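Structural characterization, general
The primary structure of each chain is shown beneath.
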Amino acid sequence: MRPSFRREMAQQAVAVRGVSIALACRAFAISQRCYRYAPLLADENEKIEDWLIALTKARKNWGFGLCYLYLRNVKGFGWNHKRVRRIYCELELNLRIKPRKRLKRERPDPLSVPDQPNQVWSMDFMADQLWNGKSFRTLNIIDDFNREGLAIDVDFSLPAARVVRSLNQVIAWRGKPAMIRVDNVLYAELLAGLASGHYRIEVSRHVHSMAQFGFLVNDSLSHNKHRVRFCGSHRP
């Protein structure tokens with residue numbers, strides 16, 4: 001317990017119970033000098049309180065640091081920062097720290113497993129570098145039924161028109177799939193490259209229909225384990 005609290009209790013015992021000052025000081029373990037101590041800076045503390053209350057009302061987003069810097073650098077007061085901090089905390093002017101809001105992400109739909117070929121294909125890009133540091137990309141197209149690599153297109157640049165050409169070549173000898181799974185990166189490139197052309201894309205929340213081929217491009221299932229496994233084992 002602080003000496004100031006013990007001094008207050010001793011003063012109350014003297015005033016209410018009528019005991020002597022010496023007895024009250026011995027009972028509450030304080031000296032008579034502490035009992036008779038009168039703070040000399042009480043008026044100045046009230047001035048600090050008034051300034052802090054006025055600043056926090058005018059600047060609701062200011063904490064102790066900005067308030068103290070304003071009083072010292074702008075107003076020119078030479079108060080000790082520990083003293084101002086103590087009064088600031090006694091007034092309970094501390095800013096409440098708002099907890100971060102956690103984003104609730106939608107859980108992806110369970111990955112469907114095809115039971116025959118040409119039901120679901122997967123497409124993804126891979127990137128690597130040559131010995132001279134020049135980067136190149138590969139477009140991998142696989143069948144999710146038996147993990148068959150249908151096409152691996154390699155070039156320094158693979159725009160959306162090049163992806164469409166590769167799909168046309170595979171569809172010519174393989175037939176159209178019922179669905180194609182791509183990640184968000186590949187879908188964004190397809191959307192940016194084809195939306196301005198003559199290929200019509202109907203956009204819904206999770207499923208995007210490309211009318212030219214008649215299959216679905218689903219970017220909500222980016223956790224495709226078949227595509228990830230193929231890209232991990234295949235090195236250009």
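Now for a quick tour of the structure. Worth saying up front: this structure is predicted, and the values here are computed from it rather than measured.

This part covers helix 7 (residues 160–174). With 15 residues, helix 7 should reach 21 Å at 1.5 Å per residue; the first-to-last C-alpha distance of 21 Å fits that figure. Within helix 7 the residues assigned to the buried category are Ala 160, Arg 162, Val 163, Val 164, Ser 166, Leu 167, Val 170 and Ile 171. Note on helix 7: the residue one or two positions beyond its end, Gly 175, has a positive phi of about 95 degrees.

Another point: the packing of aromatic side chains. This structure, assessed with the given rule, holds five aromatic pairs. Consider the rings of Phe 77 and Trp 79, whose centres lie 4.2 Å apart with planes at 5 degrees: the pair is stacked. On the basis of relative accessibility, which here comes to 18%, the residue Phe 77 falls in the buried class. With a relative accessible area of 7%, Trp 79 lands in the buried category. Aromatic ring contacts, followed pair by pair, group Trp 51, Phe 77 and Trp 79 into a single cluster. The ring of Phe 64 carries Arg 85 above its face, with NZ or CZ at 5.0 Å from the centroid. Positioned above the aromatic ring of Phe 125, the side-chain terminus of Arg 137 is 4.0 Å from the ring centre.

What counts and what doesn't
- For every chain, the first residue of its written sequence is number 1, and the numbers climb from 1 along that sequence.
- Local features in a predicted model are, by the rule used here, given only for residues with pLDDT of at least 70; side-chain atom pairs are given and counted only at 80 or more, and totals for whole chains, interfaces and linings are based on all residues.
- Neither water nor hydrogens contribute to the side-chain values; these are computed over all heavy atoms in the structure.
- The numbering of helices and of strands both runs from the N terminus, where a helix is a DSSP run of H or I of at least 4 residues and a strand a run of E of at least 2.
- Expected helix span is taken as 1.5 Å per residue step, with the number of steps being one fewer than the number of residues.
- For every residue, the accessible area (1.4 Å probe, protein chains only) is compared with the maximum for its type, and the residue is labelled buried under 20%, exposed over 50%, or partly exposed between those bounds.
- In this scheme Phe, Tyr and Trp rings, the latter by its six-membered ring, pair at centre separations within 6.5 Å, and the angle between planes marks the pair as stacked below 30 degrees, edge-to-face above 60, and tilted otherwise.
- Charge-over-ring contacts are defined here by two conditions on Lys NZ or Arg CZ: a distance within 6 Å of the ring centre and an angle within 35 degrees of the ring normal.

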